[in-house]
Amino acid sequence: MAQDIKISGKVTSADDGTPLPGVSVHVKLGNQGVATAADGTFSLTAAKNSILVFSFIGYETREIPVEGNAPINIKLNPKSGSLNEVVVIGYGKQQKKDLTGAVATLSNAQIKDLPVLSVDQKLVGQIPGVQISTTTGSPGGGSTIKIRGSGSIGAGDNPLFVVDGYPISNTAGQTYNPLNVINPDDIESVTVLKDASSTAIYGSRGSNGVIVITTKKGKTGAPVITLNSYVGTQSVPQKGRPQMLDGTQYAQFRKDIITDDFAFRGVPITDADIPVQFRNPAQYGAGTNWYNEVLRTALQNNLDLGVSGGTENTHYNFSVDRVNQEGVIKYTNFQRYAIRSNIETNISKRLKVGLNLAPTNSVQDRNNFDSGGRDILTRTLWLSPIVPVTDANGNRTSYITSPGAIGAPNPLNSLQFAGTTDKYFRGLGGAYAELEVIDGLKVKYSYNVDYTSENSFNFNPSTVGGESNPAPVVPNSNTYKNTTFNWLSELLVNYDKQIGDHRISAVLGYTAQKERSNSISLFADNYPDDLVKTINAASLIRSYGEDVQKWSLISYLARVNYSYKDKYLLTATVRTDGSSRFGSNNRYGTFPSAAIGWRASQEDFMKNVSWLSDLKVRASLGKAGNFNIGNYTYTSNIGTANYSFNGNLANGRVNTSLNNPDLTWENSKEFDGGIDLGLFKDRIYLTADYYNRLTTGMLFNSEIPQSSGYSNAIINSGKIRNRGIELGLATRNLEGEFKWKSNFNISFNRNKVLALNANNDPIYSGLSGEGSYTHKTEVGQPIGQFFGYVVEGIYKDQNDLNNSPKHVTSVVGSIKYKDVDGNGIIEPVKDFAVIGHAQPNFNYGFTNSFAYKRFDLNVIFVGSQGGHELKTANQYLLNIDGVFNVDKKVLNRWRSPQDPGDGFTPTTNGSRVIYRDVNSSWVENASFLRLQNVTFGYNFNPALLSHSNVIKGARLYVSGQNLVTFTKYNGNPEANTAGASALTPGEDFTNYPLARTLIVGLNLTF
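Looking up the protein in an unreviewed UniProt entry gives the name TonB-dependent receptor, with the organism given as Mucilaginibacter dorajii. What UniProt states about the protein under its Sequence similarities (unreviewed entry) heading is, verbatim, "Belongs to the TonB-dependent receptor family." Its UniProt record, at the heading Subcellular location (unreviewed entry), says of the protein: "Cell outer membrane".

Novice: Sorry if this is basic, but what is going on with the overall build of the protein here?
Specialist: The number of helices and strands found in the protein is eleven helices and 52 strands. Against the globule reference of 30 Å for 1006 residues, the protein gives a C-alpha radius of gyration of 32 Å, in line with a compact fold. Burial analysis of the protein (1006 residues in total) assigns 51% to the buried set. Contacts in the protein between residues far apart in sequence, at least 24 positions, make up 69% of those at least 6 positions apart.

Novice: Please explain the pairing of strand β28 (residues 540-564) as it appears in this structure.
Specialist: Pairing geometry for strand β27 (residues 502-525) and β28, over 24 bridges, is antiparallel. Its bridge partner lying in β28, Tyr510 is registered against Tyr556. In this sheet, strand β29 (residues 568-579) lies alongside β28 in antiparallel orientation, the contact comprising twelve bridges. Its bridge partner lying in β29, Tyr562 is registered against Leu570. Connecting β28 to the next strand, β29, in antiparallel fashion are three residues, including Lys565 with a positive phi near 55 degrees.

Novice: When you look at the nonpolar core in this model, what are you seeing that I'm missing?
Specialist: It is characteristic of soluble globular proteins that their nonpolar side chains tend to be buried jointly. Membership of the largest hydrophobic core comes to 63 residues, with the highest contact counts inside it found for Ile329, Tyr817 and Tyr876. It is helix α4 (residues 247-265) that provides the largest number of residues to this core, a total of six residues. Once residues lying within four places of it in the same chain are set aside, the contact partners of Tyr817 are Tyr789, Val790, Val791, Glu792, Ile826, Ile914, Tyr915, Asp917 and Asn919.

Novice: Sorry if this is basic, but what is going on with the sheet that holds strand β14 (residues 166-168) here?
Specialist: Think of a sheet as strands paired side by side through backbone hydrogen bonds, with each pair either parallel or antiparallel. Spatially, the five strands line up as an open sheet ordered β10-β15-β16-β13-β14, and their pairing is mixed. Whereas interior strands pair on both sides, the edge strands pair on one side only; in this sheet they are β10 (103-107) and β14. Going across the sheet, the axis of each strand differs from the next one's by a mean of 20 degrees, ignoring polarity. Across three bridges, strand β13 (residues 160-163) lies against β14 in antiparallel orientation. Bridge pairing links Val163 to Tyr166 in β14.

Novice: Help me out: how do you make sense of the side chain of Thr935 in this one?
Specialist: Looking at where Thr935 falls in the secondary structure, it is placed in strand β50 (residues 928-939). A distance of 3.5 Å separates a polar atom in the side chain of Thr935 from the backbone oxygen of Asp113. Residues in contact with Thr935, not counting those within four places in the same chain, are Asp113, Pro115, Asp856, Leu857, Asn858, Arg955, Tyr957, Val958 and Ser959.

Novice: Just to check I follow, could you spell out α4 for this structure?
Specialist: Helical geometry: 3.6 residues make up each α-helical turn, so side chains three or four residues apart lie on a common side. Its 19 residues give α4 an end-to-end C-alpha distance of 28 Å, which sits within 8% of 27 Å, the value for a rise of 1.5 Å per residue. Taken residue by residue, α4 has Gly247, Tyr250, Ala251, Phe253, Arg254, Asp256, Ile257, Ile258, Asp260 and Phe262 as its buried positions. For α4, the capping residue at the N-terminal end is Asp246, with a side-chain oxygen 3.2 Å from the backbone nitrogen of Thr248. Count one or two residues on from α4 and you reach Gly266, which has phi positive near 70 degrees.

Novice: Teacher, can you tell me more about the environment of Gly306 here?
Specialist: With respect to the helices, strands and loops of the structure, Gly306 is situated in strand β18 (residues 298-310). A sequence separation of 643 residues divides Gly306 from Asn949, and the C-alpha atoms of the two residues are 19 Å apart. Sequence-distant contacts of Gly306, that is, excluding residues within four places in its chain, are made with Val224, Ile225, Thr226, Phe318 and Ser319.

Novice: What am I meant to see in the pattern of salt bridges here?
Specialist: Side chains bearing opposite charge may pair, as long as their charged atoms lie close to each other. Summed over the entire model, instances satisfying the criterion amount to 44 salt bridges. Residues Asp98 and Arg503 are paired through a salt bridge, measuring 2.3 Å at the closest nitrogen-oxygen approach. Placement of Asp98 in the loop between β9 (92-95) and β10 and of Arg503 in strand β27 is noted, with a sequence separation of 405 residues between them. Asp164 is the salt-bridge partner of Lys217, the closest N and O atoms lying 3.4 Å from each other. Here Asp164 lies in the loop between β13 and β14 and Lys217 lies in the loop between β16 (210-215) and β17 (221-235), a separation of 53 residues in the sequence.

Novice: Mind showing me how you'd approach the sheet that holds strand β2 (residues 24-27) here?
Specialist: The sheet built from four strands is open, its strands ordered β3-β2-β5-β6 with antiparallel pairing. Both edges of this open sheet fall to β3 (33-35) and β6 (62-65), since each of them pairs with a single strand only. Sheet twist, expressed as the mean angle between neighbouring strand axes with direction ignored, is 20 degrees. Across four bridges, β2 lies against strand β5 (residues 51-55) in antiparallel orientation. Each bridged residue has a counterpart across the sheet, and for Val27 the counterpart in β5 is Leu52.

Novice: Which parts of the structure should I look at to understand the packing of aromatic side chains?
Specialist: We describe a pair of aromatic rings using the distance from one ring centre to the other and the angle between the two ring planes. Throughout the structure, instances matching the rule amount to 31 aromatic pairs. Aromatic ring contacts, followed pair by pair, group Tyr764, Tyr773, Phe787, Tyr789, Tyr817 and Phe832 into a single cluster.

Novice: Looking at this structure, I do not really get the environment of Phe671. What am I missing?
Specialist: With respect to the helices and strands, Phe671 occurs in strand β34 (residues 666-679). Considered as a pair, Phe671 and Ser620 are 51 residues apart in the sequence and their alpha carbons are 5.7 Å apart. Leaving out residues up to four positions away in the same chain, Phe671 has contacts with Ala619, Ser620, Leu621, Tyr690, Tyr691 and Asn692.

Novice: How do you make sense of unusual backbone geometry when you look at a structure like this?
Specialist: Both trends apply: most residues other than glycine have a negative phi, and most peptide bonds are in trans. The residue after Ala471, namely Pro472, is reached through a cis peptide bond having omega 0 degrees. Mapping Pro472 onto the fold places it in the loop between β25 (441-460) and β26 (476-499). Despite not being glycine, Thr990 shows a phi value in the positive range, around 85 degrees. Looking at where Thr990 falls in the secondary structure, it is placed in the loop between β51 (953-967) and β52 (996-1005).

Novice: Help me understand a nonpolar patch on the surface, please; the structure alone is not making it clear to me.
Specialist: A surface patch of nonpolar side chains, about 810 Å² in accessible area, is lined by Val231, Leu734, Phe738, Tyr852, Phe855, Phe936, Leu956, Val958, Val1000 and Leu1002. At the level of elements, β51 and β52 are the ones that each hand at least two residues to the nonpolar patch.

Novice: Looking at this structure, I do not really get the pairing of β52. What am I missing?
Specialist: Looking at chain direction, β17 and β52 are connected through ten bridges and run antiparallel. Each bridged residue has a counterpart across the sheet, and for Tyr230 the counterpart in β52 is Gly1001. As paired elements, β51 and β52 share nine bridges and run antiparallel to each other. Across the sheet, residue Val958 finds its bridge partner in β52, namely Val1000.

Novice: What should I look at first to understand the environment of Gly674 in this one?
Specialist: Inspection of the secondary structure puts Gly674 in strand β34. Looking at Gly674, the relative accessible area reads 8%, which means it is buried. Spatially, the C-alpha atom of Gly674 lies 5.2 Å from that of Arg618, the residues being 56 residues apart in sequence. Apart from residues lying up to four places away in sequence, Gly674 is in contact with Lys616, Val617, Arg618, Ala688 and Asp689.

Conventions adopted
Residues numbered from 1 in each chain as written. Predicted model: local features only at pLDDT ≥ 70, side-chain atom pairs only at ≥ 80, totals over all residues. Heavy atoms only, no water. UniProt positions renumbered as here; feature names shortened; annotations may be inferred. Helix = DSSP H or I, 4+ residues; strand = E, 2+ residues; numbered from the N terminus. Rg over C-alpha atoms; globule rule 2.2 N^0.38 Å. Buried < 20%, exposed > 50% of the residue type's maximum accessible area, 1.4 Å probe, protein only. Contact = heavy atoms within 4.5 Å. Pairing = 2+ DSSP bridges. Core = buried A, V, L, I, M, F, W, Y, C linked by side-chain atoms within 4.5 Å. Axes fitted to C-alpha atoms, helices over the stretch in contact; angles between N-to-C directions. Polar contact = N/O pair within 3.5 Å; in protein donor to acceptor, adjacent residues only side chain to side chain. Expected span 1.5 Å × (residues − 1). Salt bridge = Lys/Arg side-chain N within 4 Å of Asp/Glu carboxyl O. Phe/Tyr/Trp six-rings, centres within 6.5 Å; stacked < 30°, edge-to-face > 60°. Patch = residues over 30% accessible without salt bridge, like charges linked within 9 Å, V, L, I, M, F, W, Y side chains within 5 Å. Areas by Shrake-Rupley, 256 points an atom, 1.4 Å probe, with all protein chains shown as cover.

Written as C-alpha cells, this is what we have:
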C-alpha cells in the first residue's frame, strides 16, 4: 500500500497571480479533499503517485500528479469568456457556448456583495429585459417584476420562479414578498429564461419568463464555515417627501378660502365669519408635519451562518439566517428566520440521492399601506397641521381636526395600537434519487413539497377610533388564516453523449403538481373592552368567509440539444400540459419551440482573426402559455337566492355567472434573434437580442346579449404585441494590480394592443375618488393608458369664461378643461382623453467593479427613461374644498384677475369637484437615474489572520443602498398601488417611502 505523504501548496489565478480562496482540491478516486484558504493555500495528505484535482467556478479544472512532498503551486486559467461555464436551465444544464435561446445568468460572485433582504433586490439593474420596480419601501414588501413587458390583461404577468428545479407558486406580492422564503446568501446562481425557446419547457407557465434559482451545494473538502453579518440604518431622504402646507400656511389658506368666497359673492366679511382658529395664522409657526412625525431612523441587521464541505461521495451545505428590519415608519417591522440544508451523497458509483429542506418563519408588523385609498400614510399628509402631536400634559392628541376639516385619529396611535401582525411560515423541501443506467443515460425521480401558513390579526381598540369617528369606539378585530400545500412529483430521463463531432443532450419528463389552499377570514365586533383581544371575547361576528382553492397540472416534456463540431447548434423542445384551471374542451395544450445557433468564430476562415474570440448568431421561435387565470374562472359561480315553494319563501342556489367549457390559457408566440460577440479574448463581450412576442387568447370579460340571462362572460380574446431590443455589454477595462470591470445593459420594449374583443371595444379600468375611470386600454396603443380631463389652464376672466366650453359649476378662475367631444359642455368621462402612459422608452443598468490589492468597490446605477406616473394622490393633495391640508402648489392659485397665480391652479370658489377628478396635471415624468448601490470592501491579509489559527478569511465592507435618485418626480417614480393589474399601472396614491440604507458588514471564513 502506498504511503500517504503531506502535500501543501498554493493556488493562484493565471491572469493576475492573485490567490484563489475556496478552490476544491481533492484526490481523484479518493475521499481526501480540502478547500483553499483565503490566501490560496492548502494542505492535505495523499498517496504518492495519486492525482490531485483542482476545480473552481469560472476557471479551468486541472489535474496534477503527486510525485513527492514538494509544494504544489499551480495557476488556474480563467475559462475563456466563461463559455465553458455550465448554466442551469429548465430541467437541466448546458454550457454557455451551446445556448441557443435568450438566457442570462448571474453567478454568486456577481451578486454576493449586495447586502439586501430578497433575491429580487439583487437582480435590480443587472439583466437586460428584466424590469424590477421597487414600488414600496415597506419592510418585508415585494417588488414588481416584468420580463419583456406585460402581455396579459386578465391573467398574471409575473415570471415563474424555479428554485432548485421546483416551480413554486405564489411568488408575487407588494404587501408581503413571497420571495422572502429564499435567503439571498444561499444563492449560487440565477438564470433568467426570456424567450419562448428557453421557456417552452415550462409550457403553460412560461410566457412571462422564468427565473431559475440554484442554491449552494457542498464541495469536496474540509468543512468551510462562513459567518456574514451586517448592521445598518435606514432613513427617508428629504428629496421626494411631500411638500404640504405648514401650520401658518394652512391657517392662512383656510382663512383665504372664506375671504375669497365672501368677495366672490360680494358680501362684506368680518372677523366673526372666520373661525377663531384661523384668525391669526402666524401663531402656529411651522405647526405639525404629520408625515415627518411618523418617520424614524430605523435599524437593520442580518446574521448568516453557513457550513459546507464534503467527501468524494457526500456533499453538504447548511445555513441559518436571521434578519431584523425596522421600518422607517414607526411601529412597522419585519423579522425572518431561515434554515436551509442541502445534502447529496453517492450511494454507489451509479446511484446518487439528495435531500433539501428550507423552512422560513417571518413576522411582519404593518398597516394598510399602498392601498390606493385613504390610509394612515395619506392621513399624515391631509391632517390639520395646526393641531399639536401632544397636549399640554404631554399626552398624545387623540383626534386631529380643525373647523370644517375631516378629522381622524392621531396616526401615531393608529400605527402603535391598531396595526396588523402577520405571521408567515413557508417550508420548501424535496428529495431525489438519480440512477446512471449506462454511461450518459440517467434517470431521476424527485418529490417536492411547499407548505405555507399565514396568520394575520388586527385589533382596533376603543381608544383609537377612525376617520370622522373619534374615540371612544366599540373595539373590533380582523382575523385571516391561510394554509397552502403544494406538491410536485417528477420523473426525468437525461441522455448526454459525445459521438465524434456530434454531441447530443436530451431530456424526457413526466411531472404532476397539485395545490390546495384553505383560508378563513372574519370580522369580530362588540368587544366589551380592550383587555381580551381573542375572538371569543367579541359578542358579534359581523362577517365570516371561508375559501378553498385547488389546482392541478400534469405534464409531458421533451427537449433535444444537438451540436456538430461545436459550431452548429440545434435545440427542439415540446411540452404538453393538462390543467384543472381550464374548460373541459381545452384542458390540454402543447407548447413547442425550436432554436438554432451558429458559432461562426469556430469556422476555419475565422480562426485567424486574432481580435475575435467569440461570435455566435442564434434564432428561436416558440410558444409558451399563461395559466394564471384563477382556479374556477371557466365554471359557473353559485350564489344564494330565495324562491317561492308551495307559497312559502325558501332558500336556494342560482348561477351568478356563465360557464365557458372552451376557456383556455393565453398563448404567447415569440421570435428571438440574437448575437453574442466576444472581442480581444472576451475583454469586450456584447450580447444583443431582438424579439417579437404576440400574446393571444387573453382573458376578456366580454359583454354578451342580455337575452342569455347574463351581462358578461369570460372568454379568450384579443392580441398584444411586445417587441423590443436588448443589449448587454461586459468589459474588462483594466487588468493587473488595479482591475476595473463594467457591465452595461439597456432594453427597449414597445407594448401595443393589436386586438381586444370582436368589436375591439376599449377597456376602461381604475377608479378615481369621483368614481371616474383612470385608465384606458385600446387597440393600437399600450396597455393601461392614463385617462382623464385635459387641462388647458383656468378661466382668466369673464370674457374667457363666456367664450369657452365650461362645466355647469365653472366660474372665473376655475379649472379649464379641453372640450374633447366638442359639444360646448365639460362633462365627466365624455370629455376624457388619453393623457399619458406608464410604459418607459427604455430601462438600463450600469455596474462598475474595481479592485486594487485587497480593496474592492462596486457601484450600480439603474434608470428608466420616458415613463410617467399618475399621481392619484392629487385628489386629496390638491383638494381645494378646505377639508384637507394640501400641497404647497395651492399657494399659487388664482385669487383674482390681478392675482392669477401660475395659470393652472384654480380658485377655491367653484368647480372644485371636477378639479379633484383625474386630469392631465396628475401625470408627471417618472424618468429617473438611481445610484442603487455602492459597496466598498477590504479583504484582510491572510498572513495576519493566520496567527489566529481559526479565521481563514475576513472582509470588512460598507454599503449604501438607494443613495440618491435623480428625477423630476416628487416621490417614488416606480410607485404603484398594491394589487394593481396590468390594466392600471403607474398609480401613486402615496406609497410607503423608499429608505436610504447605510450598512457596515463583516464576512468571516473559518
